[in-house]
Amino acid sequence: MRLSGPFLKPKDGLVLGLVFGSTCAVLVLSAHQTGAGSVVDARAAPAILSGILGGPVAGLVAALVGGLARYYVGGPFAVGGSLSIGAYALAGFFLGRLFKLNMLDDSLAAMPKVILIAIICTVLITPAFFVDQPFDVAFPAFKTVFPILVLQNIFGTALLGGTLLLLFRSIQNRKRLLHAIEALPEAFVIYDADDRLVICNKRYREVYGNSAASMQQGMKFETILRFGLANGQYLDGIGREEEWLAERLERHRNPTGPVEQSLPNNEFVQVHEVRTDDGETVGFRTNITLLKRQQQRLEHQAASLREKAEELSLAKQQSDIASRTDELTGLGNRRGLNRKLVEFADRLTPDKELCVLLIDLDHFNAINDLFGHVGGDHVLNNVARILEQSAPPDAYVARSGSDEFIIAMLREKDDGVAAQTAQAIIDACDKPFVYEGKELRYGASIGITITQNPGCTSLIENADIALRSAKRSGRRQYRLFSQELRSEAEHKKWMVDELSKAIAEGAILPHFQPQVSSANYGLVGVEALARWHHPTKGWIPPDVFIPLAEEFGLLARIERIIARDSIMMVQRLKADGIDIPKLSINVSVRAFETTAALGTLEELKPWPCRIAFELLETVDYTYDYKQLGPLIQKIRAGGVEIELDDFGSGHASLTTLLNLRPDRIKLDRMLVASLDSHDIGVNPLVRSITEMCLRLKIPMTAEGVEKENQALALAALGCDAFQGFIFAPALPEQDLRDWITNMKTNGLSIR
Ligand code: C2E
Ligand code: CA
């Protein structure tokens, strides 16, 4: 059984018992002193209360102390009185239990129970005072004393009990509040209207560890803050203490919302302050360290993501630059150029023009063949530097193909810089380039297009048209694009398409021009000359389509056709008893075409006659000699004779040419035409050529002989064969048959 009352621990019961016992004692003694005697005896109330509140221990202690006083005073009721005090206490205790008196009860609500207990106690205990007296004495005394005792006990118990209950309750409430505040996970504080500390919990002291020593009840908020500042409590206040303090106090007086605060132990709190109606400040501090760390982690992650994104964008930029750069030369490439052209087009204004220079190297393939790709790469890098130096600073220089470069620039209208740049490049590329101690020669041809139309999409195509025109006109020059050039180019394209068709459909065929001996005008051979019969345009001369075929890579096919058809024609004639001593076939002096023609001839062996290749003298033999040597060997090895065509029209050194040791030369028809009249001495070139050929024992065929006196003069100069309209033009097969038959029967008729 619990030995304390409903409200107290046993220790407190002891104290209460002493207090109540002392009260009883004081009451007993004072009653005795004042003569109130035993009648007015106020010991019951404290005794009952000690029982109610303090339990049996308190009751017994109270009884003991009160009994001692009673004993001291003496009198007939000494022992009974002491016992009665104990009895009152015990009765109070049990009745308190019985009525479930609870400290939580409101004191007013508890009061009826307390009064009821007092009455019961009085009713139960008071008769005990009279047990040791005879009834006739006891009863009148009881009758007198009982009402007084009842009143005395009721009022005493109620007054004392009510007060004590109130006291207990407020103490208990305060204790409970303190426990609640301490139990809060958050730091809690209350400052009164004067900003003095009323209460704070342990957590609050922990949070402001550096200020904790100053957190005494009644301490001003400002004093606590100052103490904290002096002890490094507020990181954001270091170095600006007064300013910080002013801000903090202001916020404290007029809180606007939660504020974050960083603490020296690397923690973060959120400060919530609320001003109550009576001017007090209730404050909470929520620990947001975890949240903050997460936030910091997120920020860190975000920063590293940002960093990565930046790295990526840098890498992208670099790869973007790389994707727009030509690896070999470091210039821009086609992709970069396209971008730049768009940018320039966007910046075009009526006083500006967009210029594009398309630069193509002449003879670059030959350099590659002779010096390998490393040599070729050196040349390309050299050209790249030339272009960079020649172009204006804001121009864009790109390599757009193997040996093709482009410069794009935005210029003031008509300032002529595009043409000046082109000329500077041509001049610079014309200078020999020394590679591994050897001089390399190349040149540049340039097509230029200039526009003011920002929507022009055919800039490079136009520049290309101009470039082709420059190349056709002899290379090492620039050409400005014009609409005429475009029409020409379009016409050419049409022609090329038609030519391809013609090749496929067999519309290219050879005609044959007889060659006769200067001694007796007997047939010494025929020259096969290509003809193109176009369905609407009629006969198209080779001067038109051969260069076209050469430019567009169709010549090898044509030369195969001519070689094949010519031999087959000679075979047919032979089968019909018409003997052609020699068939001359024109071939372009290029490995590919020559080899193609040779290949066809090889397939048609045995040949019905001797076969000769006419190689054009206009080829730059000096330049191509290295290639030409092996080619000529190959031709000779194939059993084909070599004749140098159009001899005398080119610019190559005669000696070099003759080093080739051709089987025959064909004197150019322009030279023959110059021997028009009487005085053959007027053309010293013809004389020197013929003399040299005679000396070297190289036979000569004169072509383009149109007049008898030319034939006579040429015969006198040593030409052993003639070819010309005076004898016959190039003839189709049947006409050739007729011509030969006619010549055989009637002798040669000079027309
Ligand atoms: P070419 O080799 O110099 O051919 C001689 C050209 O002179 C021929 O012109 C011929 O018709 C012309 N001709 C002949 N006699 C006379 C004359 O008395 N007076 C004048 N004014 N001209 C005369 P064609 O057939 O128009 O050929 C032109 C050029 O086309 C040829 O010049 C040759 O370089 C080239 N060619 C023709 N067929 C072929 C071929 O199958 N392959 C190659 N690669 N070129 C060819
Ligand atoms: Ca010829």
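Look up a bit, the structure's there.
This section reports on the structure supplied with the text. Residue positions are given per chain, counting from 1 as you read along its sequence in written order. Chain labels run from A onward and ligand labels from 1 onward, assigned in the order the entries are written. Given that this is a predicted model, residues contribute local features only at a pLDDT of at least 70 and side-chain atom pairs are listed and counted only at 80 or more, while totals for whole chains, interfaces and linings are drawn from all residues. The basis for the side-chain values is all heavy atoms of the structure; hydrogens and waters are excluded.

The secondary structure content of the protein chain amounts to 23 helices and 21 strands. Buried means the residue's accessible area, taken with a 1.4 Å probe over protein chains only, is under 20% of the maximum for its type, while exposed means over 50%, and partly exposed covers the values in between. Looking at the 751 residues of the protein chain, the share that counts as buried comes to 46%. Two residues qualify as a contact provided that any one of their heavy atoms is within 4.5 Å of a heavy atom in the partner residue. Restricting the contact set of the protein chain to residue pairs at least 6 apart, pairs at least 24 apart contribute 64%. Accessible surface area values rest on a Shrake-Rupley calculation with a 1.4 Å probe, where residue burial reflects the displayed protein chains alone. When the accessible surface of the protein chain is split by element, carbon and sulfur atoms take 58% of a total near 37,100 Å². Each helix corresponds to a stretch of at least 4 residues labelled H or I by DSSP, and each strand to a stretch of at least 2 residues labelled E; elements are numbered beginning at the N terminus.

This part is about the sheet that holds strand E4 (residues 268-275). A pair of strands is treated as paired once DSSP finds two or more bridges between them. Read from one edge to the other, the open sheet built from 5 strands follows the order E2-E1-E5-E4-E3, with strand pairing classed as antiparallel. Only two strands of the sheet have a single neighbouring strand rather than two, namely strand E2 (197-200) and strand E3 (259-262). Put simply, the sheet's adjacent strands are angled 25° from each other on average, direction ignored. Sheet topology places strand E1 (residues 187-191) next to strand E5 (residues 281-287); 5 bridges connect them, and they run antiparallel. By the bridge assignment for E5, Ala-187 is matched with Arg-285. Relative to E4, helix H8 (residues 241-253) is tilted by about 50°, and along the sheet it contacts E1, E3, E4 and E5. An axis is simply a line fitted to the C-alpha atoms; with a helix, the fit covers only the stretch in contact. Between two such axes, the angle follows the N-to-C directions and lies from 0 to 180 degrees. Across the sheet, helix H9 (residues 289-323) is in contact with E3, E4 and E5; its angle to E4 comes to roughly 125°.

Here, nonpolar core means buried Ala, Val, Leu, Ile, Met, Phe, Trp, Tyr and Cys residues that are tied together by side-chain atoms lying within 4.5 Å of each other. By size, the foremost hydrophobic cluster in this structure holds 78 residues, and its most contacted members are Leu-583, Phe-613 and Phe-722. It is helix H16 (residues 555-575) that contributes the most residues to this core, 9 residues altogether. In contact with Leu-583, not counting residues within four places along its chain, are Phe-512, Val-526, Ala-528, Ser-566, Ile-567, Val-570, Cys-609, Arg-610, Ile-611 and Ala-612. Ranked by size, the runner-up nonpolar core spans 32 residues in total, among them Leu-357, Ala-391, Met-409 and Ala-444.

This part covers the coordination of the calcium ion (ligand 2). For Na, K and Ca the donor cut-off is 3.2 Å; for every other metal, N, O and S atoms count as donors within 2.8 Å. Water does not enter the count, which can leave sites looking incomplete. On the protein side, the calcium ion (ligand 2) has Glu-527 (OE), Asn-586 (OD1), Glu-614 (OE), Asp-645 (OD) and Asp-645 (OD) as donor atoms, found 2.1 to 3.1 Å from it. Angles of 45 to 174° at the metal separate the 6 donor atoms of the calcium ion (ligand 2), which places the site in the irregular class. Only two sets of limits are used to name each site, 85 to 135 degrees for every angle of a tetrahedral four-donor site, and over 155 degrees for opposite donors with all other angles from 65 to 115 for a square planar four-donor or octahedral six-donor site, with any other site named irregular.

Here we come to the pairing of E5. Burial within E5 is extensive, with 5 of its 7 residues counted as buried. The pairing of E4 with E5 spans 7 bridges and is classified as antiparallel. Counterpart to Val-269 in the pairing with E5 is Asn-287. Counting the residues that bridge the hairpin from E4 to E5 gives 5 residues, and of these Gly-279 lies at a positive phi of roughly 85°.

Attention now goes to the site of ligand 1. One heavy atom within 4 Å of a molecule or strand makes the whole residue count as near it. Within the structure, ligand 1 sits among 22 residues, and Gln-513, Glu-559, Arg-669, Glu-706 and Phe-725 are positioned closest to it. We call two N or O atoms a polar contact when they sit within 3.5 Å, provided that within protein one can donate a hydrogen and the other can accept it, with sequence-adjacent residues counted only if both atoms are side-chain atoms. One nitrogen or oxygen atom from the side chain of Arg-669 is found 2.8 Å from an oxygen atom belonging to ligand 1. Relative to its free-state accessible area of 780 Å², ligand 1 is covered by the protein chains to the extent of 87%. Within the residue set of the shell around ligand 1, elements represented by two or more residues are strand E14 (523-534), helix H15 (542-551), H16 and strand E18 (641-647). Among the elements that line the shell around ligand 1, the one with the most residues is E14, at 4 residues. The residue inventory of the shell around ligand 1, partitioned by class, reads 7 nonpolar, 5 polar and 10 charged. Three residue categories are used. Nonpolar comprises Ala, Val, Leu, Ile, Met, Phe, Trp, Tyr, Cys and Pro, charged comprises Asp, Glu, Lys and Arg, and polar comprises the others, including Gly.

If you trace the 5 strands from one edge of the open sheet to the other, you get E7-E8-E6-E11-E12, paired in mixed fashion. A single partner strand is all that each edge strand has here, and the edge strands are strand E7 (396-401) and strand E12 (478-480). For this sheet the average axis-to-axis angle between neighbouring strands, irrespective of direction, equals 20°. Summarising the sheet, E7 and strand E8 (residues 404-412) pair through 5 bridges and their orientation is antiparallel. Looking at E8, one finds that Ala-398 is bridged to Ile-406. Sitting on the sheet, helix H12 (residues 417-430) is in contact with strand E6 (352-362), E8, strand E11 (443-451) and E12, with an inclination near 170° to E11.

Moving on to the environment of Thr-157. Tracing the chain through its elements places Thr-157 in helix H5 (residues 135-183). Along the backbone, Thr-157 and Ala-45 are 112 residues apart, and their C-alpha atoms lie at a distance of 4.6 Å.

In a helix, the anticipated span is given by 1.5 Å times the number of residues less one. Here helix H21 (residues 684-695) contains 12 residues, and its C-alpha end-to-end distance of 16 Å stays within 8% of the 16 Å for a straight helix at 1.5 Å per residue. Buried within H21 we find Val-686, Ile-689, Thr-690 and Cys-693. Buried residues along H21 cover an arc of 95° about the axis, so they all sit on one side. In H21, the exposed residues that point more than 90 degrees away from the buried face are Pro-684 and Arg-695. Following H21 by one or two positions, Lys-697 has its phi on the positive side, about 60°. Comment: arc refers to directions from the helix axis out to C-beta atoms.

The next subject is the side chain of Glu-703. Note on placement: Glu-703 falls in strand E20 (residues 700-703). A distance of 3.3 Å separates the side chain of Glu-703 from the side chain of Lys-666, its partner in a polar contact. Once residues within four sequence positions are removed from consideration, Glu-703 is found in contact with Glu-527, Asp-645, Asp-646, Lys-666, Leu-667, Asp-668, Arg-669, Val-672 and Gln-723.

The subject of this paragraph is the state of the cysteines. Disulfides are defined in this document as cysteine sulfur pairs within 2.5 Å. A full pass over the atoms with the stated rule returns 0 disulfides. No disulfide involves Cys-693; its nearest neighbouring cysteine sulfur is the one of Cys-719, lying 8.5 Å away. For Cys-693, a relative accessible area of 1% puts it in the buried group.

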